[in-house]
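# Observations on the model geometry
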Amino acid sequence: MGGKGTEGWHLATRLVRGGTKRSQFDETSEGLFLTSGYVYDSAAQAEGSFTGDNDHLVYSRYGNPTVGMFEERMKLLDGAAFAFATASGMAAVFSALMSQLRQGDRVVASRALFGACHFVIAELLPRWGIATEFVDGTDLAEWERALAEPTQVVLLETPSNPGLEIIDLKAVCDLVHKAGARVVVDNVFATPILQRPLEFGADIVAYSATKHIDGQGRVLGGMILTDDEDFYKQQLTPFVRNTGPAISPFNAWVLLKGLETLELRVHRQCDNALTVARFLEGRKGVTRVLYPGLESHPQRDLVLAQMDGRGGTVVTFEVEGGRNAAYRLLDGLELIDISNNLGDAKSIITHPYTTTHQKVGADEKARLGITEGLVRLSVGLEDVRDIEADLARVLD
Ligand SMILES: *Cc1c(COP(=O)(O)O)cnc(C)c1O
């Protein structure tokens, strides 16, 4: 660790220096070890590396020096004891679930999930004999009712996509633990800058690093973090080593460098998002603005308790006139790009009804409040006056 202790380092310092291990060349920037394998001094050393008697690296599906630095930095950021970096956010969510589930188990999940997570819970797990049930994540009575049946794992996302509803992490984790299950939190929308779910009792945190951690639209990546030694050693490690969701060292290096500016970017994007949300609120032709940073958000107390009162980088709003009006807005924008990514330096707008949530059934979309007039705006790092001007030109 560069010869200095990490104890007591503040967040910004951990983001810039956490986990750095210099090679014999004393490089300033972390090295990119683009290697699939490692050479042993002797057959006995090879044997010891496989038994675990020494810590010589074995194969990049198991571990890699650059990937290791990325994992260390994320552990310091989220306050986790163990981490495994994955090739994408979905590889992280899927591995976190499948490593601990077996036929006959039961999973309860919050209804408002990222589209691919929704598919895993609704379609995939039941195919393998794992029962699943969705609940309204904001309704503690629904959680309590669903957890009355024997349950092994809970998956939830807060704030949710695209409705930006907040789930009470502490209250739900307490209920889940009382039921003897584990909680996996998809923390993509909050980012580890605004919310660290392990502090509220979560057992496992999963990220898509593709979003804010890269933040510049370059690579895919993911991360699984936990304090649960039994889960990490007995379940996750054999699962990921043998099924291969490992991240490329190149992508891990890009993400490691992305972390150095994460705090600056997330705070600036939150500032911009709040300004844009206020600008949209009460504007003619805008029927709803959903943003956790607004005083008007129905779960403002939870935003203050869980997310330092900050609303995140995404603003969801509804325009009057349904799909036609939403399409007119998207097509009329000149600065803001139409794309389904988020957390990027560039502002991005999406029409969830016809893209990210296209395959979610009409009833379910209605339950989630995903109407044809709803748009999701990921606010970037441009000057907020230019973002506003782009929206104003089309909305006015
Ligand atoms: C993007 C995203 C994922 C999936 O991540 P990938 O890196 O695209 O695989 C999972 N959950 C949420 C909330 C996301 O936004």
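Definitions and cut-offs
- Residues numbered from 1 in each chain as written.
- Predicted model: local features only at pLDDT ≥ 70, side-chain atom pairs only at ≥ 80, totals over all residues.
- Heavy atoms only, no water.
- Pairing = 2+ DSSP bridges.
- Helix = DSSP H or I, 4+ residues; strand = E, 2+ residues; numbered from the N terminus.
- Contact = heavy atoms within 4.5 Å.
- Axes fitted to C-alpha atoms, helices over the stretch in contact; angles between N-to-C directions.
- Core = buried A, V, L, I, M, F, W, Y, C linked by side-chain atoms within 4.5 Å.
- Buried < 20%, exposed > 50% of the residue type's maximum accessible area, 1.4 Å probe, protein only.
- Phe/Tyr/Trp six-rings, centres within 6.5 Å; stacked < 30°, edge-to-face > 60°.
- Lys NZ or Arg CZ within 6 Å of the ring centre and 35° of its normal.
- 1 Å grid on protein atoms, 1.4 Å probe; cavity = no way out; pocket = protein on both sides within 12 Å on 5 of 7 lines; lining within 4 Å.
- Points joined across faces, edges and corners; volume = space filled by probe spheres on them.
- Nonpolar A, V, L, I, M, F, W, Y, C, P; charged D, E, K, R; others polar.
- Domains from an automatic or database assignment.
- Buried area = accessible area lost by both parts, 1.4 Å probe.
- Salt bridge = Lys/Arg side-chain N within 4 Å of Asp/Glu carboxyl O.

### Thoughts on the sheet that holds strand β12 (residues 374-378)
Across the sheet, which stays open at both edges, the 5 strands sit in the order β8-β9-β12-β11-β10 with mixed pairing between neighbours. Each having just a single partner strand, β8 (286-290) and β10 (337-338) make up the two edges of the open sheet. In this sheet, strand β9 (residues 314-319) lies alongside β8 in antiparallel orientation, the contact comprising 4 bridges. Residue pairing across strands places R288 opposite E318, the latter belonging to β9. Running over the sheet, helix α13 (residues 322-332) touches β9, β10, β11 (348-350) and β12 and is turned about 130° from β9.

### Structural notes on the nonpolar core
F70, F317 and L391 are the most contacted members of the largest nonpolar core, which has 62 residues in total. It is helix α11 (residues 262-280) that provides the largest number of residues to this core, a total of 9 residues. Residues I121, L124, L125 and I204 belong to the second largest nonpolar core, which totals 29 residues.

### Some details on the packing of aromatic side chains
The geometry of two aromatic rings is summed up by the distance between their centres and the angle between their planes. A full pass over the atoms with the stated rule returns 3 aromatic pairs. Their ring planes at 35° and their centres at 6.3 Å tell us that F250 and W253 sit as a pair that is tilted. Of this pair, F250 and W253 are both found in helix α10 (residues 249-259), 3 residues apart, which corresponds to roughly one turn of the helix. Look at F250 and you get partly exposed, because its relative accessible area is 37%. By relative accessible area, W253 is classed as partly exposed at 25%. One cation-aromatic arrangement involves K365 over Y353; the distance from NZ or CZ to the ring centre is 4.3 Å.

### Considerations on the layout of surface pockets
Where empty space is left can be seen by rolling a probe of water-molecule size over the atoms. By volume, the largest pocket amounts to about 970 Å³. The element best represented in the lining of the largest pocket is helix α3 (residues 65-78), accounting for 6 residues. Residue classes in the lining of the largest pocket are distributed as 14 nonpolar, 10 polar and 7 charged. Contributing elements (two or more residues each) for the lining of the second largest pocket: α4 (89-98) and α5 (115-127). The element contributing the most residues to the lining of the second largest pocket is α5, with 7 residues. Grouping the constituent residues of the lining of the second largest pocket by class yields 11 nonpolar, 11 polar and 7 charged.

### Digging into the domain arrangement of the chain
For the chain, the domain assignment lists domain 1 (6-31 + 63-259) and domain 2 (262-395). Computed from C-alpha atoms alone, the centre-to-centre distance between domain 1 and domain 2 is 24 Å. In this complex, domain 1 contributes 41 residues to the contact, which on the side of domain 2 involves 38 residues. Each partner contributes to the roughly 3000 Å² buried at the junction of domain 1 and domain 2, and carbon and sulfur atoms together form 63% of this total. Taken together, the links from domain 1 to domain 2 amount to 1 salt bridge. The salt bridge involving E364 is made with R111; its shortest N-O contact spans 3.3 Å. Put simply, the parts of the chain that give the side of domain 1 that touches domain 2 at least two residues each are α1 (11-17), α5, α7 (169-178), α8 (191-194) and α10. The leading source of residues in the side of domain 1 that touches domain 2 is α8, at 4 residues. Its residues assigned to classes, the side of domain 1 that touches domain 2 comprises 21 nonpolar, 14 polar and 6 charged.

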